[in-house]
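This is what each chain is made of:
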Amino acid sequence: MKTNIGTIDRTLRIVIGLALIGLTLAGVIGVWGWIGVLPLATGLFRFCPAYTLLGIKTCKVCTTKP
């Protein structure tokens, strides 16, 4: 997998993912908040399959993961 998510994009994905999961665990929002797992995972792995399909890269220097 090639990295296709930049630093700002990655940070926003992780923060939003954690916020949604936290709000779900706190009972503030419903079960749909578990969708936060998706942005969290893509932020942690620095790879977004949708970006690959659309040909988008938000990273300055994209590298191959070992």
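Residues numbered from 1 in each chain as written. Predicted model: local features only at pLDDT ≥ 70, side-chain atom pairs only at ≥ 80, totals over all residues. Heavy atoms only, no water.

Concerning the pattern of salt bridges
Point 1. If you walk through the whole model with that rule in mind, you get one salt bridge.
Point 2. In this structure, Asp-9 engages Arg-13 in a salt bridge whose closest nitrogen and oxygen atoms are separated by 3.0 Å. A residue pair is termed a helical-turn pair when its members lie 3 or 4 positions apart in one helix, as Asp-9 and Arg-13 do in helix H1 (residues 7-25) at four residues.
Point 3. Relative accessible area serves as the criterion here: at 14%, Arg-13 is assigned to the buried category. (Salt bridge = Lys/Arg side-chain N within 4 Å of Asp/Glu carboxyl O. Helix = DSSP H or I, 4+ residues; strand = E, 2+ residues; numbered from the N terminus. Buried < 20%, exposed > 50% of the residue type's maximum accessible area, 1.4 Å probe, protein only.)

Here's the deal with H1
Point 1. When the terminal C-alpha atoms of H1 are compared, their 27 Å separation across 19 residues agrees well with the 27 Å that a helix rising 1.5 Å per residue should span.
Point 2. Residues of H1 that are buried: Asp-9, Arg-13, Ile-14, Gly-17, Leu-20, Ile-21 and Thr-24. Down the axis of H1, the buried side of the element spans an arc of 135°, and every buried residue falls inside it. Opposite its buried face, H1 presents the exposed residues Thr-7, Ile-8 and Val-15, each directed more than 90 degrees away.
Point 3. Those residues of H1 that are buried are in contact with helix H2 (37-45) and helix H3 (49-54).
Point 4. Phi turns positive one or two residues past the end of H1, at Gly-27, with a value near 85°. (Expected span 1.5 Å × (residues − 1). Arc of directions from axis to C-beta. Contact = heavy atoms within 4.5 Å.)

What about the environment of Gly-33?
Point 1. Inspection of the secondary structure puts Gly-33 in the loop between H1 and H2.
Point 2. In this structure Gly-33 comes out as buried when scored by relative accessible area, which is 0%.
Point 3. Through-space distance from the C-alpha of Gly-33 to that of Ile-21 is 5.9 Å; in sequence the pair is twelve residues apart.
Point 4. Beyond its immediate stretch of four places on either side in the chain, Gly-33 contacts Leu-20, Ile-21 and Thr-24.

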